[in-house]
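Each chain, letter by letter, is given below.
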Amino acid sequence: MLSVLGTVLATVVAAILVVLTIGSGPASAATTPEPTPTPTGDFTNTFTIGGIIRDGDTPLEGVEVLVEGSGFEETGVTGADGRWSVSPPSAGEYTATLVPETLPEGVAPRDPENITRDVVLGTTNTVNVLFPTGEGTVSNTSIWDTILTRAVYGLNFGLLLALGAIGISLIYGTTKLNNFAHGEMVTFGAVIFFFFGTVMNVALPLAILITLVLSAFTGYAQDAFLHKPLRRRGVGLVQAMIVTIGLSILVRYIFLFFLGGNIETLDTGLTSTITAGPVTITVASLVSMGISIVMLVLVGLFLTRTRIGKATRAVSDNAGLAAASGINVDRIIRIVWIMAATLTGLSGILYGIFRQVNWNMGFQILLLLFAAVTLGGLGSAFGALVGSLVIGIVTEVSTVWIPNDLRYAIALLILILVLLIRPQGVLGRKERVG
């Protein structure tokens, strides 16, 4: 046995010596070492944002796209094939903005109000961004025309924010709970509508109906299987809030698992534009604004004219007194959760049309939703509407002077200034402390 083992070891050592001798011969004879080839299939640390810009089937050359974010700023220029690309140094959140002035004469963005795309690098290394173009004219406008245009877009943004903010306000008013999973309810509406409306190609009205029904069910499920048991066990508001944070993280990464890191576009078929003075707006945005206004009016009528609405306001004012007067508080809270989830799902649909769909979209505007509720007055549905309109208009108009990356920061700065002057918010009531 030992002799066999010794023979094997001697053979292995001899083989190693032969390999080393053969390998050292060419290396010693070479005067200049050959460079180590770079692996062609390893793109682990390479990040790319790019796309193709065409007018119909004709590639457009010399069109500029500004990419900025995470301390990075670079302009990509299309070549003869219409392709452009930039290579950010690291993962992060970026914005790609088409420069309309660089488009050829007679060509304009198909959606002039939506020439900025939010890009997230990290889960995927390469993101393709689309900027559809069509016939039109690109001209320089005055600063006042630009402000008016951005204000209209801000009004649209504020209206769709209001649908989500009212949901937060109603939940807080009846339960005093800050629901940090509310952003994922926005994302849920956009993702479900994308799946049925774009992937499954279901008719637009039916896709909206399915999305709203499923959104309403998520509100029912959150209260029935999570928050009502927590209330019965006497769990405090801080602990319940931490539960919503955990739920937010869980659901967000479920979206990432199924949707991936790509940015998707909702296909509504409403791509034509309408021009009124200096403002050019898509039909989809006008329909979005109309739906938001109708829904907000219906919510106002529900809260002020119906028995359930009045009971909701009573529970919001004083849940103990409402229960003593014969109101079923748990039933009202269940209705509020369902209604809030439905409104937020609709907000997600409209926000997906306004800014496209990605797994993180709801979380990106969660602070804006809370800012709108706080600005208008905690627990006040009508205050949430006012706060949302202020936030929406400020964020869009501010981009006339500041980079897109800072537009949300300006809105939060406005919130701080208002609260320093009026801590209870615009429509909130003063309360005695202590």
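Please refer to the structure higher up on the page.
The shown structure was predicted, so the numbers you read here are calculated from the model rather than taken from an experiment.

*Asks:* For the pairing of strand β1 (residues 48–52), give the residues involved together with the corresponding values.
*Replies:* Direction of pairing for β1 relative to strand β10 (residues 126–128): parallel, over a ladder of three bridges. In the strand pairing of β10, Thr-48 is matched with Thr-126. By the bridge criterion, four bridges tie β1 to strand β6 (residues 83–86) in an arrangement that is antiparallel. Note that in β6 the partner of Ile-52 across the bridge is Arg-83.

*Asks:* Run through the pattern of salt bridges, naming residues and quoting values.
*Replies:* By the definition in use, this model includes five salt bridges. Across the pair Glu-184 and Arg-252 runs a salt bridge, and its minimum N-O distance is 3.3 Å. On the criterion of sequence distance, the pair formed by Glu-184 in helix α3 (residues 182–199) and Arg-252 in helix α5 (residues 237–259) is long-range, its members being 68 residues apart. Judged by relative accessible area, Glu-184 falls into the buried class, the value being 3%. When its relative accessible area of 10% is taken as the criterion, Arg-252 is described as buried. When the shortest N-O distance is used, the salt bridge between Arg-231 and Asp-330 registers 3.7 Å. With Arg-231 in helix α4 (residues 204–232) and Asp-330 in helix α9 (residues 329–355), this pair connects stretches of sequence that are 99 residues apart. Residue classification places Asp-330 among the partly exposed positions, given a relative accessible area of 33%. Here the salt bridges share partners, and the residues they tie into one network are Asp-223, Arg-231, Asp-330 and Arg-334.

*Asks:* Describe a nonpolar patch on the surface, naming the residues involved and giving the relevant values.
*Replies:* A contiguous nonpolar surface patch, about 460 Å² in accessible area, is contributed by Val-238, Ile-242, Ile-245, Ile-249 and Tyr-253. With respect to the helices, strands and loops of the structure, Ile-245 is situated in helix α5.

*Asks:* So what's going on with the sheet that holds β1? Which residues, and what values?
*Replies:* Here three strands make up an open sheet; going across it, the order is β6-β1-β10 and the pairing mixed. One side of each edge strand has no neighbouring strand; the edge strands of this open sheet are β6 and β10. Sheet twist, expressed as the average angle between the axes of neighbouring strands with direction ignored, equals 20°.

*Asks:* Any chance you could break down the pairing of strand β12 (residues 273–276) for me, citing the residues and the numbers?
*Replies:* Of the pairings in the sheet, the one linking β12 to strand β13 (residues 279–282) comprises four bridges and is antiparallel in character. Paired with Thr-273 across the two strands is Thr-282, which belongs to β13. Between β12 and the antiparallel strand that follows it, β13, lie two residues; Gly-277 among them carries a positive phi value of about 65°.

*Asks:* Provide a residue-level description of unusual backbone geometry, including the pertinent values.
*Replies:* Working note: non-glycine residues mostly have negative phi, and peptide bonds are mostly trans. A positive phi angle, near 60°, is found at Lys-176, a position not held by glycine. Among the secondary structure elements, Lys-176 is positioned in the loop between α2 (143–175) and α3. According to the relative accessible area criterion, Lys-176 is partly exposed, its value standing at 38%. Even without being a glycine, Asn-201 presents a positive backbone phi close to 60°. As for its position among the elements, Asn-201 is in the loop between α3 and α4. Accessibility expressed as a relative area gives 63% for Asn-201, which makes it exposed.

*Asks:* Can you explain helix α11 (residues 366–376)? Please cite residues and give values.
*Replies:* Counted residue by residue, α11 has nine buried out of 11 residues, so it is predominantly covered. What α11 keeps buried is the set Leu-366, Leu-368, Leu-369, Phe-370, Ala-371, Ala-372, Val-373, Leu-375 and Gly-376. Close packing links the buried residues of α11 with α2, α3, α10 (361–364), α12 (381–397) and α13 (407–421).

*Asks:* Any details on the nonpolar core? Residues and values, ideally.
*Replies:* Residues Phe-157, Ile-166, Tyr-351 and Ile-391 are the most contacted members of the largest nonpolar core, which totals 66 residues. In terms of residue count, the dominant contributor to this core is α9 (13 residues). If we skip the residues at most four places from it in the chain, Ile-391 touches Leu-161, Leu-368, Ala-371, Ala-372, Leu-375 and Ala-411. Phe-47, Val-86, Val-127 and Ile-263 belong to the second largest nonpolar core, which has 22 residues in total.

*Asks:* Could you give an account of the environment of Leu-296, with specific residues and numbers?
*Replies:* With respect to the helices and strands, Leu-296 occurs in helix α6 (residues 283–305). Sequence spacing of Leu-296 and Phe-382 is 86 residues, and the spatial spacing of their C-alpha atoms is 9.2 Å. With residues near it in sequence (within four places) discarded, Leu-296 still touches Leu-159, Ala-162, Leu-163, Ile-166 and Leu-385.

*Asks:* How would you sum up the side chain of Glu-184? Please name residues and give values.
*Replies:* Within the structure, Glu-184 has its side chain in polar contact with the side chain of Arg-252 (distance 3.3 Å). Look past the residues within four positions of Glu-184 in its chain and what remains in contact with it is Ser-248, Val-251, Arg-252, Phe-255 and Phe-363.

*Asks:* Give me the sheet that holds strand β7 (residues 92–98): which residues, what numbers.
*Replies:* Strands sit in the order β5-β4-β7-β9 across an open sheet of four strands; the sheet is antiparallel. The sheet is open, and its two edges are formed by β5 (72–77) and β9 (116–121), each paired on a single side. Taking each pair of neighbouring strands and ignoring which way they run, the sheet shows an average axis angle of 20°. Relative to β9, β7 runs antiparallel, the two being bridged by six bridges. Following the sheet pairing, Thr-95 is matched in β9 by Asp-118.

*Asks:* Tell me what's going on with the packing of aromatic side chains, and back it up with residues and numbers.
*Replies:* Applying the stated criterion across every chain yields a total of nine aromatic pairs. Between Phe-157 and Phe-354 the ring centres are 5.5 Å apart and the planes differ by 10°, which places this aromatic pair in the stacked class. Note that Phe-157 is positioned in helix α2 and Phe-354 in helix α9, a separation of 197 residues in sequence. Residue Phe-157 is classed as buried on the basis of its relative accessible area of 0%. Note on Phe-180 and Phe-370: the rings are 5.1 Å apart at their centroids and 40° apart in plane angle, and the pair reads as tilted. Of this pair, Phe-180 sits in the loop between α2 and α3 while Phe-370 is found in helix α11, placing the two residues 190 residues apart along the sequence. The class for Phe-180 is partly exposed, based on a relative accessible area of 26%. The class of Phe-370 is buried, set by a relative accessible area of 14%. Each member of the aromatic cluster is reached from another via a ring pair, and the members are Phe-157, Tyr-351 and Phe-354. The ring of Phe-363 has Arg-252 lying over it, and the distance from NZ or CZ to the ring centre is 3.9 Å.

Rules behind the numbers
- Residues numbered from 1 in each chain as written.
- Predicted model: local features only at pLDDT ≥ 70, side-chain atom pairs only at ≥ 80, totals over all residues.
- Heavy atoms only, no water.
- Pairing = 2+ DSSP bridges.
- Helix = DSSP H or I, 4+ residues; strand = E, 2+ residues; numbered from the N terminus.
- Salt bridge = Lys/Arg side-chain N within 4 Å of Asp/Glu carboxyl O.
- Buried < 20%, exposed > 50% of the residue type's maximum accessible area, 1.4 Å probe, protein only.
- Patch = residues over 30% accessible without salt bridge, like charges linked within 9 Å, V, L, I, M, F, W, Y side chains within 5 Å.
- Areas by Shrake-Rupley, 256 points an atom, 1.4 Å probe, with all protein chains shown as cover.
- Axes fitted to C-alpha atoms, helices over the stretch in contact; angles between N-to-C directions.
- Contact = heavy atoms within 4.5 Å.
- Core = buried A, V, L, I, M, F, W, Y, C linked by side-chain atoms within 4.5 Å.
- Polar contact = N/O pair within 3.5 Å; in protein donor to acceptor, adjacent residues only side chain to side chain.
- Phe/Tyr/Trp six-rings, centres within 6.5 Å; stacked < 30°, edge-to-face > 60°.
- Lys NZ or Arg CZ within 6 Å of the ring centre and 35° of its normal.

Interpretation note: all reported values are geometric properties and have no functional meaning in isolation.
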